[in-house]
Structures are given as structure tokens and as C-alpha cells.
Amino acid sequence: MKKHGYGIGSMWYGIGSTAATNPSGAFVDFLDDGTAIVLSGCAEIGQGSTTVLAQIAAETLGVDLEDVAVITADTGVTPDAGPSSASRQTYISGNAVRLAAEKAREQVVAKAAELLDLDPVDIRLRHGQVWYEAEPTGRTIKDIIAQCRGEGILTLGHGSFNPVTTNLDPATGQGTPYATYAFATQIAEVDVDTETGIVEVKKIVAAHDVGTAVNPQNVEGQIEGGCSMGIGYALLEEVAVKDGKIQNPGLSSYLIPTALDMPEIFPVIVEATEPSGPYGAKGVGEPALVPTAAAIANAVADALGIRLYDLPLTPERVVAEIKALDSLKPE
Amino acid sequence: MDLFQLEMKVNGEAVSVPVNPGLRLLDVLRDVLHLSGTKEGCGEGECGACSVIIDGELVDSCLVLAPQAHNREIITIEGISADGELDTLQSAFLEAGAVQCGYCTPGMILAAKVLLSKNPKPGRQDIARGIAGNLCRCTGYAKIIKAVELAAAGLQQKEGEAGV
Ligand code: FES
Ligand code: FES
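Keep in mind it's a predicted model, so treat the numbers as computed, not measured.

Student: I'm lost on the interface of chain A and chain B in this one. Help?
Tutor: The extent of an interface is frequently quoted as the accessible surface area lost upon association of the parts. Every contact between the two is made by 23 residues of chain A and, on the other side, 23 residues of chain B. When chain A packs against chain B, close to 1900 Å² is buried across both sides, 56% of that on carbon and sulfur atoms. Counting the surface chain A buries against chain B, the share from its top three residues, L251(A), A259(A) and L260(A), is 27%. Summed over the shared surface of chain A and chain B, the number is three salt bridges. Note that R137(B) and E237(A) form a salt bridge whose closest N and O atoms lie 2.6 Å from each other. The interface formed by chain A and chain B includes 10 residue pairs in polar contact (both at pLDDT 80 or more). Considering each element in turn, the side of chain A that touches chain B owes the most residues, eight residues, to helix α4 (residues 216-236) of chain A. Class assignment for the residues of the side of chain A that touches chain B results in 10 nonpolar, nine polar and four charged.

What follows is the structure, given as C-alpha cells:
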């Protein structure tokens, strides 16, 4: 018989650890042709950080995204940005790039103000053009940079971001361990086959507060990927260790979800602006996976009326629990 | 060991190379022909990162010995775009945001290519089945499936315009 259930899982997750120093540095160089180069040690491992850093620089500099080149993770030229871990790069390196871009921008704005005889606070840079409040001035960023070059002024900036390092109170364990937090709730719908013990995830709705979504398509991708890892964690993945040796070291024995194991996922992006983040952004990397297994296990408990405490919820475990419950029932 | 004179067609071009017959097709492609778009993930036929198309079928090149590719026609990821123009599937993957780390991508695109050659109007389930032998750890497959849907629609439209 197939039994149907719904489950919910919620989480919060720290972004920007403050337990130890956690810095990132960036250089932003406005080039002669009005394009820009961002240098950051941030390693792109597929999460989309290079795109996000380019977007943050473009927004700050007032140039189009195509006019920003990002050089990352090259110890020969890029400043240290710390690891791509702990869901920190958008928040930490994003802030570093924003600060560096602001400095580069200041050079251009100051020169433009001088040439146009305007107050720098009224100057805006948009799409490679210099604006006076809401009006284009007819001057391009490229012109202004040429002027700077003629006078030997460099149009580059460096930025560093390091959330204030705090210490937890050793007596109470209280303090501020992270600069900010991400929040999420996921709901899973499952079918459980009571004869085979197979749990089929039918649907996942995943709502994540990520601060400002710098790149919504990337955020969705992170959420969907996190859900698939969460499904693996809930139903399939277990490192079997015997006498200190891993028994299932290959993908033939350690199973991860295939396309056929994936339900439709409905990512919901909740944009609660984080004042300390770059343009209000936080992080989403790890949070995407945190509540999935809990939501699925709760859905299985809802379907069967049995709570399983060991992951993964393999068919063998599910069947064993159903049998154990049946054996307790009076004949 | 005697070398084996391997003759095959790779991405439309005739290739003839002396190889150690114990090499896998994957090694020939990557190390002899320097076509490094084909990836090695597991080396045991489980992940599909090494997928290539042999005579129209999707095959894990880590499970093929070089002599087995003799006189066959191989297509790798390098062979699906012509004259610097991306293949419809490649553009669709970009548009849908279906590439994260990219390690599975060459195999995924070739799997989708074979699928669409056999079933030009696949449903969601057909697509999932078509790429089920190709593991992706990053995307959760959602945007990959979306990309294949986009490509299928794009190909239909192209055919319509060509009056086929
Ligand atoms: S490398 Fe061939 S299937 Fe994984
Ligand atoms: S994009 Fe990373 S494995 Fe698929």
C-alpha cells in the first residue's frame, strides 16, 4: 500500500563566521577603455561567485556586466579572499569587491566633478556614462579615465572586509558567532510504499531568505542542488565504515540521486535585505541542503505514523520499522 | 607490447593513431588526441562524465577499450558545435543556468543530444530517464531538464522554419 505524507523542516544558518578572523580582499581596476577588472582570491567552484562578484562590481561602477572581467583564485595576482566554504563568499568577498569598486569609482567621480564643475555627490555613473543626478552629461566614464591617465591618476581601488571578530563568553557560551544568519523552510511531499519500503519524494517547496538575491537564477540553482543533496542524505547516502575502512568507496555502492530520484522543486526566494551585506545579500550555499532531510523524515513520519531516527531512510530500514510496529499490534 | 593502429572517425575527421591496446577510449581521446572536454569521474561506468556518442549511441568511454572503437564514428563535446556557433543544446544550457561546476556538462549535453535524436519531443520523465546515467552533484537536475526542454522546443522551431 502507498501512504502519503507531508513534512516540514526549518533552519537558520550562520553566514560570516566571527569566531576567528575571516577576511577577504579585492582589487578593482578601471581600465582605459572604460571596462573594469576585478581581482579576487575567491575560488569559483560552480556556485556562481564569479558572476556575483562581477555583478556587484558592475552595479557599483556604473558599467554593464559585460564590461567587467573577473580574475579569481590566482595566487600570482589575486589578493587572499579566504576559502569558498561556510556559505561566505557572496557576503564576505562581495563586500570586499563592493568596497574596492567604490574606491575606484571615487577617482572617476572626483575627476568628473572637477571637469564638469559639479558637486561629486550629484554625480552618478550608469551604463558607462556620467550623469548629473537624473540627466546624462554627455561625458563617458572612458573620457574621464583618459583625463585621469593624462594627469597620472590611477583609477583603481582596493577593499577588504572582515566581520568584527568576537569571542563567545566562555562561561555562558553566549555571544555573536556570526555576522548574520540565513533562514529557510522546506516542505516535502512523499509516497511511502509499505511493502517495499521505498520512499518517493513527490515535491519539495523550498523557501530561503538569502537577503538580496544578487543573481536569482544562481540562487535557484543552489537551492535545487541543495535539495538533491538533501534527498541523497535523507534516502540514499551512507558511508559504511568497517575496521576503519570505507566499504562503499565508489558510486556503484555509495548512491547519490540521479535525475529519476528528483521531484519537482519549487524554490521560493525570500529577499529580506541584510544591511551588512553587499547590496543586502547573505548566502545560500549550505542552507539549501540543511532542512531537506528533516522535511522528508517528517513527511515519512506523517505517512506511516512511525518516526525513524536513523538516516538514510533506506527501504530496508523503513520495512523493518513497519514490521516492528506490526509485531506490537495485538493479533 | 604491440601497438594497435586505431582507425576511427572523431568529430567527422578520420584519425589513425598507434595506441597501446589496453588504453581506454577515454584515455585516447584525452591523452592522445587532447580532446579534454570528455571527463573522467568514476572510471567504472557509474557517473557518465566520460560519455561520448559512438555510432549514434551514448557510451561511457571509460568502459570502452581502444580497439573496440576501431572503425567507429565518435562524437565528443568538441564536435557538436560548428564554425564557432554553439549547438542548440549548448545555448539552452547557458540560458537555463544548467551549468554549475561543469564537470557533468559535456556528458549531459551528449546524453541530451542522443535523447533528442531519438525522441524530439520528450516529456519531463523521458528527459529524466535520458540523463539518468549521468550524475550531477551540483544542480539537482532541475535546470538541466529545463535546458533540454528549451533545446527541444528550439529544434522544433528551427525545423518548422526550415519547412521540414
Ligand atoms: S568516468 Fe566513465 S562513467 Fe564515470
Ligand atoms: S554541474 Fe557540477 S556536477 Fe553537474
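Picking up where we left off.
Student: Before we go on, may I ask you to explain the pattern of salt bridges in this structure?
Tutor: Residues and elements named next belong to chain A. What the rule picks out here adds up to 17 salt bridges over all chains. The closest approach of N and O atoms between K282 and D209, which form a salt bridge, is 2.7 Å. Here the residue K282 occupies a position in the loop between β13 (264-270) and α5 (292-304), and D209 occupies one in strand β10 (residues 199-209), the gap between them amounting to 73 residues.

Student: Honestly, the nonpolar core in this entry has me stumped. Any pointers?
Tutor: Nonpolar side chains in soluble globular proteins tend to be buried together. Ranked by internal contacts, the top residues of the largest apolar core, which has 65 residues, are I296(A), V300(A), F93(B) and Y141(B). Formed by 38 residues, the second largest nonpolar core is a distinct cluster that contains A54(A), A58(A), I145(A) and V214(A).

Student: Help me out: how do you make sense of the domain arrangement of chain A in this one?
Tutor: Residue and element names in this part refer to chain A. If you check the domain split of chain A, you get domain 1 (2-14 + 178-328) and domain 2 (17-161). For domain 1 versus domain 2, the separation of C-alpha centres amounts to 38 Å. Taken as a group, V214, P278 and Y279 account for 40% of the area that domain 1 buries against domain 2, more than any other trio of residues on that side. Viewed at the interface, domain 2 and domain 1 are joined by zero salt bridges. On inspection of domain 1 and its partner domain 2, the count reaches eight residue pairs in polar contact (both at pLDDT 80 or more). Per-element tally for the side of domain 1 that touches domain 2: the top contributor is strand β9 (residues 178-193), with three residues.

Student: Help me understand the domain arrangement of chain B, please; the structure alone is not making it clear to me.
Tutor: Residues and elements named next belong to chain B. Along its sequence, chain B is carved into domain 1 (4-79) and domain 2 (88-162). A C-alpha centroid distance of 22 Å is found between domain 1 and domain 2. Between domain 1 and domain 2, the contact holds 17 residues from the first and 13 residues from the second. Taken together, both faces of the contact between domain 1 and domain 2 bury some 1200 Å²; the carbon and sulfur share is 64%. Seen at the junction of domain 1 and domain 2, the total is one salt bridge. Put simply, K118 and E57 hold a salt bridge, and the shortest N to O gap is 2.7 Å. Along the contact surface separating domain 1 from domain 2 lie five residue pairs in polar contact (both at pLDDT 80 or more). Counting residues per element, the ones that place at least two in the side of domain 1 that touches domain 2 are β3 (51-54) and β4 (57-60). Among the elements that line the side of domain 1 that touches domain 2, the one with the most residues is β3, at three residues. Among the residues making up the side of domain 1 that touches domain 2, the classes are represented as seven nonpolar, six polar and four charged.

Student: Which parts of the structure should I look at to understand the sheet that holds β10(A)?
Tutor: Strands pair in a sheet through their backbones, by hydrogen bonds, and they do so in one of two ways: parallel or antiparallel. Residues and elements named next belong to chain A. Spatially, the four strands line up as an open sheet ordered β1-β9-β10-β13, and their pairing is mixed. Each edge of the sheet is formed by a strand with only one pairing partner; in this case those strands are β1 (2-17) and β13. Geometrically, the sheet is characterised by an average inter-axis angle of 15° between neighbouring strands, direction not taken into account. For β9 and β10, the ladder comprises 10 bridges, and the chain directions are antiparallel. Of the residues in β10, the one forming a bridge with A184 is H208.

Student: Would you take a moment to explain the packing of aromatic side chains for this structure?
Tutor: Aromatic rings considered in pairs are described by the distance between their centres and by the relative angle of their planes. All names here are of chain A. With the rule as written, the count across this model stands at three aromatic pairs over all chains. For the pair Y91 and F161, a centre-to-centre distance of 5.7 Å together with 90° between the ring planes defines the contact as edge-to-face. On the criterion of sequence distance, the pair formed by Y91 in helix α2 (residues 89-116) and F161 in strand β8 (residues 156-161) is long-range, its members being 70 residues apart. The exposure class of F161 is buried, given its relative accessible area of 17%. Aromatic side chains Y178 and Y181 sit 5.9 Å apart centroid to centroid with 75° between the ring planes, which places their arrangement in the edge-to-face category. Its relative accessible area of 30% is what places Y178 among the partly exposed residues. Overall, the relative accessible area of 24% leaves Y181 in the partly exposed class. Among the aromatic residues, those joined into a cluster by ring pairs are W12, Y178 and Y181. If you follow R98 out to its NZ or CZ, it ends over the ring of Y279, 3.9 Å from the centre. Taking NZ or CZ as reference, R126 lies 4.6 Å from the ring centre of W131, over its face.

The rules we used
Residues numbered from 1 in each chain as written. Chains lettered and ligands numbered in written order. Predicted model: local features only at pLDDT ≥ 70, side-chain atom pairs only at ≥ 80, totals over all residues. Heavy atoms only, no water. Contact = heavy atoms within 4.5 Å. Buried area = accessible area lost by both parts, 1.4 Å probe. Salt bridge = Lys/Arg side-chain N within 4 Å of Asp/Glu carboxyl O. Polar contact = N/O pair within 3.5 Å; in protein donor to acceptor, adjacent residues only side chain to side chain. Helix = DSSP H or I, 4+ residues; strand = E, 2+ residues; numbered from the N terminus. Nonpolar A, V, L, I, M, F, W, Y, C, P; charged D, E, K, R; others polar. Core = buried A, V, L, I, M, F, W, Y, C linked by side-chain atoms within 4.5 Å. Buried < 20%, exposed > 50% of the residue type's maximum accessible area, 1.4 Å probe, protein only. Domains from an automatic or database assignment. Pairing = 2+ DSSP bridges. Axes fitted to C-alpha atoms, helices over the stretch in contact; angles between N-to-C directions. Phe/Tyr/Trp six-rings, centres within 6.5 Å; stacked < 30°, edge-to-face > 60°. Lys NZ or Arg CZ within 6 Å of the ring centre and 35° of its normal.

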